[in-house]
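Understanding the architecture of this molecule
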Amino acid sequence: MDRRTFLKISGLMGLCVLGPPISFAGSQPARPKLFFDPELCLGCLACITACKRPEEPREIDRLYLTPKEKGSYPGVTLKFQLKYCPQCEKAPCVSACPHQALKKTQEGIIRLDKARCRGEGKCASVCPYQAIDVAFGKAFKCDLCLEELEKDWLPRCVSVCPTGALRLEFPGRSFSPETTSKRCGRAPGPYGMSGL
Amino acid sequence: MDGNPYHPYNRCGRAIPYDTPLEKSLEFRPSTCAKPQMDEDYLYNPYRILKPLKRCGPRGSGKFEPISWEQLIREVAEGGKLFAHLGDDSHYPGLKEFLSDEPLDPAALELGPKRNRIIWLTGRSQAGRKHFIKRFVCQAIGSINHLPHTDICGIGFRMGNYILSDVKAVEFKADPEAARYILVFGSNFFSALQPGPNAYAARLHQRVKNGELKYVIVDPRGHEALAHAHRWLPVCPGRDGALAMGLIRVLLEEEQFDKAFLERPNPDIAREKGFNTFANACHLVILAPESEAGRFLTTKDLGVEGEDFVVIEDGKPLPAGKASKGTLDWEGEISSVKVKTAFRLMKEEIFSHPLSFYAREAGIPEETIREVAREFAAHAPYAVAFAYHGGGNYVGGAYASYAIALLNALFGNINRRGGYLPPGGGILAKGNLRPQEFPTSPKASRSPYLQRKSPLRNKQLVQKPRISGQIALVSFHQRRAYRICSGGH
């Protein structure tokens, strides 16, 4: 194998490794979803706690942060993994629901109709990301805080992230607090904070 | 729940200007840590206690019933047979029984009046609560026993810095903006450490990501900050000092320290070279005669005018203020007084144990200590070692913290950009706010209790004091007055 072929193959392998587990990067149309950068994560759990709602049981999780340990003591390294709903293009949860409780909005956000949900958990069993929680006879699923998005606010988890490790990708729309500041007219500053 | 965007903590030090309109401020993202995100849950928690609870079963039965605030205040203030309805006929004292100027113990007047039996233990009382509590405890009741947060928090590691800075500052941290190599002793700055993960850790690890900084975690526990750490040194609990001493030993062995900084004998020379600190490394310390041993030699001891420390320059003793460079590693005899430089003393102490001893004590292999010391030296003066609570809050912790702080002193990076920084002066130091002048601030002269005739002035009451000499003469009035004036800590 010559050098050029090796670089090509290793480049392709890099793409596969970097991409999400089920990804056809480039072939899919852009859709709103969360984006997580483990390199920026502190593991502070602000996103997870912000995701909790007072009207829901606190055992419910839509985001899961898991620290992955590698190696053995004392040479242990740690990496954070965040499991979240990527709002799949071809979402198996939507077709799995026998009561049509899960629906896709025009923008591509998968939304759960609580009134139709009977908590059978079929959606959760087919979800490749284990991002749906079923408890107390209901399913709980991330809809990117749709009620916040409608008011042009960022989802709760994104707006509280102190480092910008968690971002919202929503083509063609902007939200407050903004990722770029009109006031300063600059790109996001260091530390993932806006308007720096 | 969002942070306050006008506060630098929540914006990585880059707060929005105060004149930004409130509505506009919503455009900026102010982050917090995870704790306030649960405030809603805390507020609406069905188990939240909203009323005072009084025991309604035998002790330990875990049975309580809600009572009114009026009943609580009455019973706490007046006491009485509070559990008579449960068949308990004993008398429970109320606060009013302690509102007496009689001595608490006539045989031990230093304990003060009976009022001192009322003790108020409190946490981190912020935003005026402290002043209110102190007015109640110290002035209305007249007890000296207001024990706030700082009396029980962090004294160990802070005292190490207190020694280092010659009683000027207690808390130092690495410069998050410019340091390039940080040894973090006993602090999980990804989940705690003032000013919080959203301010300090967020800044540090962004620089780690950009390749501008490496940090080493020294902690028995492998915590979240390992995720981006350069190394983890799982030190034995309570042995941070041994590791710091081991690192210093390697630096001294390999002569990896800023000799020029340590040789500067006075602040003027240091300032000339662009430093705002200097060390007493070249000052002479008396070893013999024994009665004087341990203190610095002064010009007064040599019969010279003035009182200044003494250094050796070109083999001759000179007042530190007049010397331009002191010999660092020296011992000898001056006017029949045996002296050594402070640096020599430190070196002898460090070299009194081999590296293997420090390695064994700390539970870190010798080779790792060497590697870390070399990395530290390679990044100096942008290399910093700092401790927080875990690195010195144990028996002997002040010394451990002092040893850690000395790593910085060896490179003269104290109070410098990219170095070991004390807190900023803040508004209190700049004089915009004077807490002593707050209307609720307790003042000794206003204390009604101080103006009263005290039992201590009646000499007949003075019996055998348990503590002899001067201490017994310090009346509780003076002690209380001191506590009030000193602002609470």
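Our structure's up above, just so we're on the same page.
Residues numbered from 1 in each chain as written. Chains lettered and ligands numbered in written order. Predicted model: local features only at pLDDT ≥ 70, side-chain atom pairs only at ≥ 80, totals over all residues.

**What about the packing of helix α7 (residues 240-253) of chain B against helix α11 (residues 355-362) of chain B?**
Residues and elements named next belong to chain B. What counts is decided by this rule: To get an axis, fit a line to the C-alpha atoms, keeping to the stretch in contact for a helix; angles then go from 0 to 180 degrees between the N-to-C directions. Elements are defined by DSSP. Helices are runs of H or I of four residues or more, strands are runs of E of two residues or more, and each kind is numbered from the N terminus. In these notes the angle categories are as follows: under 35 degrees is roughly parallel, over 145 is roughly antiparallel, 65 to 115 is roughly perpendicular, and the rest is oblique. Helix crossings fall into two classes, left-handed where the near helix is turned counterclockwise from the far one by less than a right angle and right-handed where it is turned clockwise. A residue pair is marked as a contact if its C-beta atoms, positioned from the backbone, fall within 7 Å.
Contact geometry of α7 with α11 gives a least axis separation of 8 Å together with a crossing angle of 155 degrees. Between α7 and α11, the interaxial angle falls into the category roughly antiparallel. α7 and α11 meet at a crossing whose hand is left-handed. Facing Ala242, Leu243, Met245, Gly246, Arg249 and Val250 of α7, the residues of α11 in contact are Leu355, Tyr358, Ala359, Glu361 and Ala362.

**Examining the sheet that holds strand β14 (residues 331-334) of chain B**
Working definition: the strands of a sheet are paired by backbone hydrogen bonds and lie parallel or antiparallel to each other. All names here are of chain B. The criterion, for reference: Here the rule is simple: two strands pair whenever DSSP picks up at least two bridges between them.
One open sheet accounts for three strands, arranged β11-β15-β14; its pairing is antiparallel. Strands at the two margins of the open sheet, each flanked by one partner only, are β11 (284-288) and β14. Taking the axes of each pair of neighbouring strands and ignoring which way they run, one obtains an average angle of 40 degrees across the sheet. Bridge count for β11 against strand β15 (residues 337-341) is four bridges, and the pairing is antiparallel. Opposite alanine 288, over in β15, you have lysine 338 as the bridge partner.

**Side note on unusual backbone geometry**
With the exception of glycine, the majority of residues adopt a negative phi angle, and the majority of peptide bonds are in the trans configuration. The criterion, for reference: Think of it as a crowd count around each C-beta: if 20 or more other C-beta atoms lie within 10 Å the residue is buried, if 12 or fewer it is exposed, and in between it is partly exposed, with C-beta placed from the backbone throughout.
Of note, the bond from A:Tyr73 into A:Pro74 is cis; its omega dihedral lies within 30 degrees of zero at 0 degrees. You can see A:Pro74 is positioned in the loop between β2 (64-70) and β3 (77-83). Cis geometry marks the peptide bond from B:Ala380 to B:Pro381; its omega dihedral reads 0 degrees. Its place among the elements puts B:Pro381 in the loop between α12 (366-379) and β16 (383-387). A positive phi angle, close to 70 degrees, is found at A:Leu45, a residue other than glycine. For B:Ser335, which is not glycine, the phi torsion reads 45 degrees and is therefore positive. Classification of B:Ser335 by C-beta neighbours within 10 Å gives exposed; the count is 10.

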